[in-house]
Amino acid sequence: MIIFREITSFLLFLTGIALIAALDENTNTLVQIIAVAACFIIAYLIWPSKRKGKRSNDNYFWDWFELILELPFQILRGILRIFD
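The rules behind the values
- Residues numbered from 1 in each chain as written.
- Predicted model: local features only at pLDDT ≥ 70, side-chain atom pairs only at ≥ 80, totals over all residues.
- Heavy atoms only, no water.
- Helix = DSSP H or I, 4+ residues; strand = E, 2+ residues; numbered from the N terminus.
- Buried < 20%, exposed > 50% of the residue type's maximum accessible area, 1.4 Å probe, protein only.
- Contact = heavy atoms within 4.5 Å.
- Patch = residues over 30% accessible without salt bridge, like charges linked within 9 Å, V, L, I, M, F, W, Y side chains within 5 Å.
- Areas by Shrake-Rupley, 256 points an atom, 1.4 Å probe, with all protein chains shown as cover.
- Salt bridge = Lys/Arg side-chain N within 4 Å of Asp/Glu carboxyl O.
- Expected span 1.5 Å × (residues − 1).
- Arc of directions from axis to C-beta.
- Axes fitted to C-alpha atoms, helices over the stretch in contact; angles between N-to-C directions.
- Parallel < 35°, antiparallel > 145°, perpendicular 65-115°, else oblique.
- Nonpolar A, V, L, I, M, F, W, Y, C, P; charged D, E, K, R; others polar.
- Phe/Tyr/Trp six-rings, centres within 6.5 Å; stacked < 30°, edge-to-face > 60°.

Enquirer: What is the right way to look at the overall build of the chain in this model?
Expert: A tally of helices and strands in the chain yields three helices and zero strands. The order of helices and strands in the chain, counted from the N terminus, is α-α-α. Residue burial in the chain is summarised as follows: out of 84 residues, 24% are buried. Considering only contacts within the chain whose residues lie at least 6 apart along the sequence, 55% involve residues at least 24 apart.

Right under this line is the structure:
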């Protein structure tokens, strides 16, 4: 089940990247920006985080992907803590 969550999260993340790359080609940019945000948020929520104890395997690729996936949310949390 964990590998399914990892792959699904990775594919959603790649979909978000592809939607960002295609932003200039479409006229529905607001819908596409919402879709990009939804892809990244859902990928983050699905991801079995190693820090939360949901993933125990040591895989170099998934560790780097976890860093890339969780970094924007960690930065956002840090900014919100400053203003709290």
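Enquirer: Explain a nonpolar patch on the surface here, please?
Expert: Side chains of Met 1, Ile 3, Phe 4, Ile 7, Leu 11 and Leu 14 sit close together on the surface and give an oily, nonpolar patch of about 650 Å² of accessible area. As for its placement among the helices and strands, Leu 11 is situated in helix 1 (residues 2–21). Residue classification places Leu 11 among the partly exposed positions, given a relative accessible area of 49%.

Enquirer: Would you mind showing me how to read helix 2 (residues 29–46) here?
Expert: Two residues of an α-helix separated by three or four positions point the same way, owing to the 3.6 residues in each turn. Spanning 18 residues, helix 2 covers 25 Å between terminal C-alpha atoms, matching the ideal 26 Å at 1.5 Å per step. The complete set of buried residues in helix 2 reads Gln 32, Val 36, Cys 39, Phe 40, Ala 43 and Tyr 44. Looking straight down helix 2, one finds its buried side chains confined to an arc of 125°; they lie on one side. With respect to the buried face of helix 2, the exposed residues turned more than 90 degrees away are Leu 30, Val 31, Ile 34 and Leu 45.

Enquirer: Hey, could you run me through the packing of helix 2 against helix 3 (residues 60–82) in this one?
Expert: For any two helices packed against each other, the geometry is given by the interaxial angle and the distance between the axes. Contact geometry of helix 2 with helix 3 gives a least axis separation of 10 Å together with a crossing angle of 100°. Regarding the angle of helix 2 to helix 3, the classification is roughly perpendicular. Touching Phe 40, Ile 41, Ala 43 and Tyr 44 of helix 2 are Leu 69, Glu 70, Phe 73, Gln 74 and Arg 77, all from helix 3. Residues that form the contact of helix 2 with helix 3 fall into these classes: six nonpolar, one polar and two charged.

Enquirer: Where do I start with the environment of Ile 41 in this structure?
Expert: By the secondary structure assignment, Ile 41 is in helix 2. The sequence separation of Ile 41 and Gly 16 amounts to 25 residues, and the corresponding C-alpha distance is 9.8 Å.

Enquirer: What should I look at first to understand the environment of Ala 37 in this one?
Expert: Inspection of the secondary structure puts Ala 37 in helix 2. With 21 residues separating them in the primary sequence, Ala 37 and Gly 16 have C-alpha atoms 7.5 Å apart.

Enquirer: Any chance you could explain the packing of aromatic side chains here in plain terms?
Expert: Both the distance between ring centres and the angle between the ring planes are used here to describe each pair of aromatic rings. Under the definition given, this model contains eleven aromatic pairs. Aromatic side chains Trp 47 and Trp 62 sit 5.6 Å apart centroid to centroid with 50° between the ring planes, which places their arrangement in the tilted category. You can see Trp 47 sitting in the loop between helix 2 and helix 3 and its partner Trp 62 sitting in helix 3, a full 15 residues away along the chain. Since its relative accessible area comes to 3%, Trp 47 is described here as buried. Ring geometry for Trp 47 against Phe 65: centres 5.1 Å apart, planes inclined by 70°, an arrangement best described as edge-to-face. Taken together, the positions of Trp 47 in the loop between helix 2 and helix 3 and Phe 65 in helix 3 put the pair 18 residues apart, joining distant regions of the chain. Taken individually, Trp 47 and Phe 65 each receive the classification buried, so the pair is uniform in this respect. Among the aromatic residues, those joined into a cluster by ring pairs are Phe 10, Phe 13, Phe 40, Trp 47, Phe 61, Trp 62 and Phe 65.

Shape descriptors only; they carry no functional weight alone.
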